[in-house]
Amino acid sequence: MIYILTGMHRSGTSMIARFLHASGVNMGTEFYHDETANKYGHYEDVDFLNLQRRELARAFNGEDYLVQEGFKLSDDFVEQSKNLINLKLKLNHRENWGWKDPRTTVFIEHWLKIEPEIRFIFIVRKPESVINSLCKLLKTKWSYHEKLKYLNTCIYYNQRILNFIKNPANKNWVLLSFEDLVRNPFTGLSKINKQFGLDLEASLFAKQYDEKVISKAQHIPYIFLQSKLQKARLIHKALSQYF
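Residues numbered from 1 in each chain as written. Predicted model: local features only at pLDDT ≥ 70, side-chain atom pairs only at ≥ 80, totals over all residues. Heavy atoms only, no water.

**Overview of the sheet that holds strand 3 (residues 119–124)**
Item 1. The strand order 2-1-3-4 describes an open sheet built from four strands, whose pairing is parallel. Because the sheet does not close on itself, it has two edges, and the strands there are strand 2 (97–100) and strand 4 (173–177). Taken pair by pair, the neighbouring strands of this sheet meet at an average axis angle of 15°, ignoring direction.
Item 2. Summarising the sheet, strand 1 (residues 2–6) and strand 2 pair through four bridges and their orientation is parallel. Each bridged residue has a counterpart across the sheet, and for Ile 2 the counterpart in strand 2 is Trp 97.
Item 3. Across the face of the sheet, helix 1 (residues 13–22) comes into contact with strand 1, strand 2 and strand 3 while running at roughly 155° to strand 1. (Pairing = 2+ DSSP bridges. Helix = DSSP H or I, 4+ residues; strand = E, 2+ residues; numbered from the N terminus. Axes fitted to C-alpha atoms, helices over the stretch in contact; angles between N-to-C directions. Contact = heavy atoms within 4.5 Å.)

**Details of the pattern of salt bridges**
Item 1. Counted by the stated rule, this structure contains ten salt bridges.
Item 2. A salt bridge links Glu 44 to Lys 100; the nearest nitrogen and oxygen atoms lie 3.0 Å apart. One end of the pair, Glu 44, is in the loop between helix 1 and helix 2 (46–59); the other, Lys 100, is in strand 2, and 56 residues separate them in sequence. Note on accessibility: Glu 44 and Lys 100 belong to one class, buried.
Item 3. Put simply, Lys 88 and Asp 47 hold a salt bridge, and the shortest N to O gap is 3.0 Å. Residue Lys 88 is found in helix 3 (residues 75–91), and its partner Asp 47 is found in helix 2; the two are separated by 41 residues along the sequence.
Item 4. The partly exposed category is assigned to Asp 47, whose relative accessible area is 36%.
Item 5. In this structure, a network of salt bridges that share partners links the residues Asp 45, Asp 47 and Lys 88. (Salt bridge = Lys/Arg side-chain N within 4 Å of Asp/Glu carboxyl O. Buried < 20%, exposed > 50% of the residue type's maximum accessible area, 1.4 Å probe, protein only.)

Structure below.
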């Protein structure tokens with residue numbers, strides 16, 4: 001089976017991808033490396049990562065994660081996606097495999113159209129914590145425009161997840177709260193096991209979890225951004241009904 005792990009940037013997707021890979025779900029053979037952002041690695045399959053990055057950069061003037069609704073996928077992207085899925089299916093014959101990339105949130109319906117049996121694991125984090133982490137990583141806590149970009153992206157990604165899970169036609173998904181997962185991994189992992197028939201162990205998650213890599217809270221000024229922050233909070237609240 002194919003498992004897609006996705007959610008907004010800085011929401012814990014790397015942490016869960018590392019755990020899934022150690023649990024026997026093949027998340028890739030060649031991963032993107034940037035230990036400055038995550039010392040344990042991102043566990044992003046470079047084939048899917050580069051494919052999605054190129055498509056977003058093409059559509060949005062070089063930007064690979066700030067997106068808008070309704071852009072048209074290129075024919076090359078569609079064809080390359082099909083070829084990549086077919087290649088990975090052959091390489092992972094009868095095995096559990098998948099990939100992790102926050103950008104996949106933009107392409108949920110695209111991948112589902114290619115392979116209808118894909119299983120989605122969504123991870124959601126409180127918007128203040130996401131912005132805090134991005135500002136700390138990129139040293140942009142005082143930049144109005146950067147924070148606006150982060151909030152718009154968070155709103156867009158989480159709204160797409162919400163739209164998907166609210167559709168009764170979509171069945172193969174699990175939604176996890178980052179905060180709940182690190183507080184009580186057994187409950188979150190039990191949801192995945194029950195939904196998908198896996199045997200993920202909370203003890204392994206607890207062994208791998210390192211709270212030192214989680215960004216500590218800092219004061220982030222939201223001058224002129226309160227309405228955007230409130231919108232992000234409302235979407236998160238709506239998502240929390242499905243935790």
